[in-house]
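This is what each chain is made of:
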Amino acid sequence: MTSILKTENLTIQFGGHIAVDHVNFEMPEKHFKSIIGPNGAGKTTFFNLISGELKPTEGKVYFKNEDMSRFSSVERTRKGLGRSFQITNVFPNLTVLENVRLAVQSKEKIRYQMMRHFTSYPSLIQKAEELLELVLLRSKKHAIASQLSHGEKRKLEIAMLLALDTEVLLLDEPTAGMSLEEVPAILDVIKQIKDQGNKSILLIEHKMDMILDLSDSIMVLFNGQLLADGTPGEIMENETVQNAYLGGLYDEHIAKS
Amino acid sequence: MTSKYQWNNIFLSIMVIALFIFPFVTDSRTWTILLTQIFIFSILAMSYDILLGYTGIVSFGHAMFFGMGAYTTAVMLDRIEPTIGVFVLSIATGMLITGIISFIVGLLTLRLKSHFFAMLTLALSGLFLVLAEKWRSVTSGNDGFTFRAPEFFKDRMMFYLVVLVCMVVVYFVLRRFVQSPLGHVLVAVRENEQRTKSLGYNTLHYKVIASVVAGVVASLAGSLYAISLRFVNTSVLTMDITLDALLMTIIGGVGTLIGPIIGAGVIELSQHFLSGLAKDYPIFERWIIFFGILYILVVIFFPSGIVGTIRQAFHKRKKQSVGKEEQSNSEEL
Ligand SMILES: Nc1ncnc2c1ncn2[C@@H]1O[C@H](COP(=O)(O)OP(=O)(O)OP(=O)(O)O)[C@@H](O)[C@H]1O
Ligand SMILES: [Mg+2]
């Protein structure tokens, strides 16, 4: 088994607060792993450390056994670590199509082309449209991104991530804040990507049914620490996890429905 | 979509043709000179729009590139000989020098957060101004020097036409530039730089390219400006030039290219009339105050400038008539 992503004592401290605390984790290629943990557990921060948006206080990130420390977030994306954002992060004044087209373009040589019209590259536009089709957003392709509903922005975010065509996909709560009717479509997209079988996926989510359905393994973060890591079955039976987190979460779940 | 585009082009063509015919139907020296000036500042303002409007870079040092072009042309025509050949060579040399300097400056400064960058550009252009003042053997310091323009330009009309051609060419080249794949990345940087990075774009490269293109075009404007005056002094490197470019771009409409041209027209024309009025009413000598007020009014009431405001009105009307039919925004980028 070759590891695609690995962290070693990954730690970050904000002032006195240790948001990610000596996390050691490893993930094989083409694996689907979910990260769960209560609000403020450090999940998004963990992503920021992997993608290079934040520099760790201590520890390392390895991508395909290569130390990523000296690489910026730009270089990490180019190497194959793509991410989506928990808080929607798109180009608000550009059209939906242009948002995705820009993402498609980033891995092409012509990203530095400055003397030809952008429409001289119809294959990029077509690729962007296909991705919009996949996330069921094609009919909105000419809309300005800021005018999309929240759920639609989440879909756009996913289309942009897929456009990068990176080996690793870091998905930060792709369904956060979506209405219940919108969730299945996204779930379906994630399933399709998983079934194509050529991506390694790391997913942060709160929806347990979705996680159990998709994951090969689950890791639990709690107060920045790795509380447990194992198959869905192991995690569900793990008593520490039950006490620390899942119990509460299920209560919440029941309370909501 | 297409028709809007075509209208744009038809309108532009009519304007350009009218401007080409203009010197043949009038023999007003004043107007020929005034329009020449407007074209020159249009080129400068368009170059500034690449930074401000398309990439979202606020630079207070743009005059340094304008000034370098002006000095290069002035010095070469003065020292070598006042011929068309030297004129063309001096423009190329000016562009090469500004290209190199804007590349180095950009590489060193564009990593900074935008407000630090703005301050640093201010300091750097101040540095170049002092340099020009001290390097008397070449620049003759504050007083500057006069030089002879090529024979060909003795006829103001010829110069008018050459500058007009330059402006039109710059417009089309820059329009193609901003509509290229790279140009769209510049807009992405303006919209959300951090996001552009996370898509894997090295945004520093893009910002440096934008600043080199803007610098080189500003240098061309500076070269033409020097010829139009047959004189150069350190005023070409001052903050006034940068502020003019800023004002023209904002009043005309940032991120539109055509806006800066209109802005240059508005500013130069009102400057002309106000200084005319000042002969009778001394208060108008303080025309800079009027621009200050104009600037504030534009920023408050028409933040997207003349062209931006017209486009918005046009869009609204079109939306109402076409109903929900969407339209592509990308054409405008
Ligand atoms: N840049 C920062 N500066 C200071 N503190 C931070 C920063 N980023 C995150 N934190 C803190 O680190 C902790 C972990 O935050 P993080 O966003 O990673 O949690 P999370 O697990 O993603 O939570 P959620 O489920 O709400 O998204 C929080 O206490 C947060 O306030
Ligand atoms: Mg989070």
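Cut-offs and rules
- Residues numbered from 1 in each chain as written.
- Chains lettered and ligands numbered in written order.
- Predicted model: local features only at pLDDT ≥ 70, side-chain atom pairs only at ≥ 80, totals over all residues.
- Heavy atoms only, no water.
- Helix = DSSP H or I, 4+ residues; strand = E, 2+ residues; numbered from the N terminus.
- Rg over C-alpha atoms; globule rule 2.2 N^0.38 Å.
- Buried < 20%, exposed > 50% of the residue type's maximum accessible area, 1.4 Å probe, protein only.
- Contact = heavy atoms within 4.5 Å.
- Areas by Shrake-Rupley, 256 points an atom, 1.4 Å probe, with all protein chains shown as cover.
- Donors = N, O, S within 2.8 Å, 3.2 Å for Na, K, Ca; no water.
- Polar contact = N/O pair within 3.5 Å; in protein donor to acceptor, adjacent residues only side chain to side chain.
- Pairing = 2+ DSSP bridges.
- Core = buried A, V, L, I, M, F, W, Y, C linked by side-chain atoms within 4.5 Å.
- Buried area = accessible area lost by both parts, 1.4 Å probe.
- Salt bridge = Lys/Arg side-chain N within 4 Å of Asp/Glu carboxyl O.
- Nonpolar A, V, L, I, M, F, W, Y, C, P; charged D, E, K, R; others polar.
- Near = heavy atom within 4 Å.
- Phe/Tyr/Trp six-rings, centres within 6.5 Å; stacked < 30°, edge-to-face > 60°.
- Axes fitted to C-alpha atoms, helices over the stretch in contact; angles between N-to-C directions.
- Parallel < 35°, antiparallel > 145°, perpendicular 65-115°, else oblique.
- Left-handed = near helix turned anticlockwise from the far one by under 90°.
- pLDDT = per-residue confidence, 0-100.
- Expected span 1.5 Å × (residues − 1).

Undergrad: Quick question: what am I supposed to make of the overall build of chain A here?
TA: In terms of regular secondary structure, chain A is built from nine helices and ten strands. A globule of 257 residues ought to have a C-alpha radius of gyration of about 18 Å, and chain A, at 19 Å, matches this closely. Considering only C-alpha atoms, chain A reaches an extent of 60 × 45 × 40 Å along its principal axes. For chain A, buried positions account for 53% of its 257 residues. Considering only contacts within chain A whose residues lie at least 6 apart along the sequence, 66% involve residues at least 24 apart. Here chain A displays about 11,000 Å² of accessible surface, and carbon together with sulfur accounts for 50% of that area.

Undergrad: What's the story with the coordination of the magnesium ion (ligand 2) in this structure? I'm lost.
TA: Between any two of four tetrahedral donors, the ideal angle at the metal is 109.5 degrees; between two of six octahedral donors, it is 90 or 180 degrees. Only T44 of chain A (OG1) and Q86 of chain A (OE1) from the protein reach the magnesium ion (ligand 2) as donors, at distances of 1.9 to 2.1 Å. One end of the pair, T44 of chain A, is in helix α1 (residues 43-51); the other, Q86 of chain A, is in the loop between β6 (81-83) and α3 (96-105), with 42 residues separating them in the sequence.

Undergrad: What's the story with the side chain of S51 of chain A in this structure? I'm lost.
TA: Residue and element names in this part refer to chain A. The residue S51 is located in helix α1 in this model. Here S51 falls in the buried class, since its relative accessible area comes to 4%. In this structure the side chain of S51 is engaged in a polar contact, spanning 2.6 Å, whose partner is the side chain of E53. Setting aside its immediate chain neighbours within four residues, S51 contacts S73, R76, R83 and L170.

Undergrad: When you look at the sheet that holds strand β1 (residues 3-14) of chain A in this model, what are you seeing that I'm missing?
TA: To summarise the sheet geometry, strands pair through backbone hydrogen bonds and adopt either a parallel or an antiparallel arrangement. All names here are of chain A. Spatial ordering of the open sheet is given by β2-β1-β4-β5, a layout of four strands whose pairing is antiparallel. Because the sheet does not close on itself, it has two edges, and the strands there are β2 (17-28) and β5 (66-67). Bridge count between β1 and β2: eight bridges; the pairing is antiparallel. Residue S3 lies in a different strand from β2, and its bridge partner there is P28.

Undergrad: In this structure, what is going on with the nonpolar core? I would like to understand it.
TA: Most often, soluble globular proteins have nonpolar side chains that are buried together. V100 and L156 of chain A together with I43, I50 and L224 of chain B are the most contacted members of the largest nonpolar core, which has 138 residues in total. Every residue in contact with V100 of chain A, bar those within four places of it in the chain, is listed here: A128, L131, L132, L156, A159, M160 and A163 of chain A. One finds M68, V168, L170 and M219 of chain A within the second-largest nonpolar core, a separate group that totals 26 residues.

Undergrad: I tried to follow the environment of F14 of chain A on my own but got confused; where do I start?
TA: Residue and element names in this part refer to chain A. Tracing the chain through its elements places F14 in strand β1. With 43 residues separating them in the primary sequence, F14 and T57 have C-alpha atoms 9.1 Å apart. With sequence-adjacent residues up to four places away left out, F14 is seen in contact with A19, T45 and L54.

Undergrad: Looking at this model, I keep getting lost on the interface of chain A and chain B. Mind explaining?
TA: When the parts of a complex come together, some accessible area is lost, and that lost area is often used as the size of the interface. Residue-level contacts link 35 residues of chain A with 32 residues of chain B. When chain A packs against chain B, the two sides together hide about 3,100 Å² of surface, and 59% of this comes from carbon and sulfur. Sorting the residues of chain A by area buried against chain B places F91, Y112 and M114 of chain A first, and these three jointly supply 20% of that buried surface. Joining chain A to chain B, the criterion identifies one salt bridge. Of the charged contacts, one joins E157 of chain A and R195 of chain B as a salt bridge, the two residues approaching to 2.8 Å between their closest N and O atoms. Linking chain A with chain B are 22 residue pairs in polar contact (both at pLDDT 80 or more). For the side of chain A that touches chain B, the secondary-structure elements that each account for two or more residues are α2 (73-79), α3 and α5 (150-164) of chain A. Broken down by element, the residue count for the side of chain A that touches chain B peaks at five residues, all from α3 of chain A. Tallied by class, residues from the side of chain A that touches chain B come to 17 nonpolar, ten polar and eight charged.

Undergrad: Just checking my understanding: could you explain the site of ligand 1 for this structure?
TA: Residues and elements named next belong to chain A. Looking at ligand 1, there are 14 residues lining it, with G40, K43, T44, T45 and Q86 nearest. Side-chain polar atom of T44 to an oxygen atom of ligand 1: 2.8 Å apart, as the coordinates give it. Measuring from an oxygen atom of ligand 1, one finds a side-chain N or O atom of H206 at 3.3 Å. About the coverage of ligand 1: the protein hides 63% of its 640 Å² of free accessible area.

Undergrad: What's the story with the packing of aromatic side chains in this structure? I'm lost.
TA: For any two aromatic rings, the description comes down to two numbers: the centre-to-centre distance and the angle of the planes. Residue and element names in this part refer to chain B. Applying the stated criterion to the full structure yields 13 aromatic pairs over all chains. Here F66 and Y225 contribute two aromatic rings whose centre-to-centre distance is 5.2 Å and whose plane-to-plane angle is 50 degrees, an arrangement assigned as tilted. Here F66, found in helix α3 (residues 63-79), pairs with Y225, found in helix α9 (residues 203-229); they are 159 residues apart in sequence, far enough to count as distant. The exposure class of Y225 is buried, given its relative accessible area of 12%. Feature note: the residues F87, F152, F153 and F159 constitute an aromatic cluster, connected by ring pairs.

Undergrad: In this structure, what is going on with the packing of helix α2 (residues 29-55) of chain B against helix α11 (residues 258-277) of chain B? I would like to understand it.
TA: In a pair of packed helices, the angle between the axes and the distance between the axes together describe the arrangement. Residue and element names in this part refer to chain B. Where α2 meets α11, the closest approach of the two axes is 8 Å, and the angle between their N-to-C directions is 140 degrees. The orientation of α2 with respect to α11, classified from their angle, is oblique. As α2 runs across α11, the sense of the crossing is right-handed. Contacts between α2 and α11 pair T30, W31, L34, Q37, I38, F41, S42, A45, M46 and D49 from the former with P260, I261, A264, G265, E268, L269, H272 and F273 from the latter. Grouping the constituent residues of the contact of α2 with α11 by class yields eleven nonpolar, five polar and two charged.

Undergrad: Looking at this structure, how should I read the confidence of the model for chain A?
TA: Low-pLDDT stretches of the model should not have their predicted coordinates read in fine detail. All names here are of chain A. For chain A, the mean per-residue pLDDT works out to 90, and 94% of the residues sit at or above 70. Of all the helices and strands in chain A, helix α9 (residues 239-256) carries the lowest mean pLDDT, 61, while α3 carries the highest, 96. Within the model, the stretch residues 253-257 combines pLDDT values under 50 with zero contacts to residues more than four positions away or in other chains.

Undergrad: Honestly, helix α7 (residues 156-178) of chain B in this entry has me stumped. Any pointers?
TA: Because an α-helix completes one turn every 3.6 residues, residues spaced three or four positions apart along the sequence face the same direction. In this model α7 of chain B runs 33 Å from its N-terminal to its C-terminal C-alpha over 23 residues, within 8% of the 33 Å that 1.5 Å per residue would give. Taking the backbone nitrogen of M157 of chain B as reference, a side-chain oxygen 3.0 Å away marks D155 of chain B as the first, capping residue of α7 of chain B.

Undergrad: Looking at this model, I keep getting lost on the side chain of Q179 of chain B. Mind explaining?
TA: With respect to the helices, strands and loops of the structure, Q179 of chain B is situated in the loop between α7 and α8 (181-198). Among the residues examined, Q179 of chain B registers a relative accessible area of 5% and is labelled buried. Side chain to side chain, Q179 of chain B and H117 of chain A meet in a polar contact 3.2 Å long.

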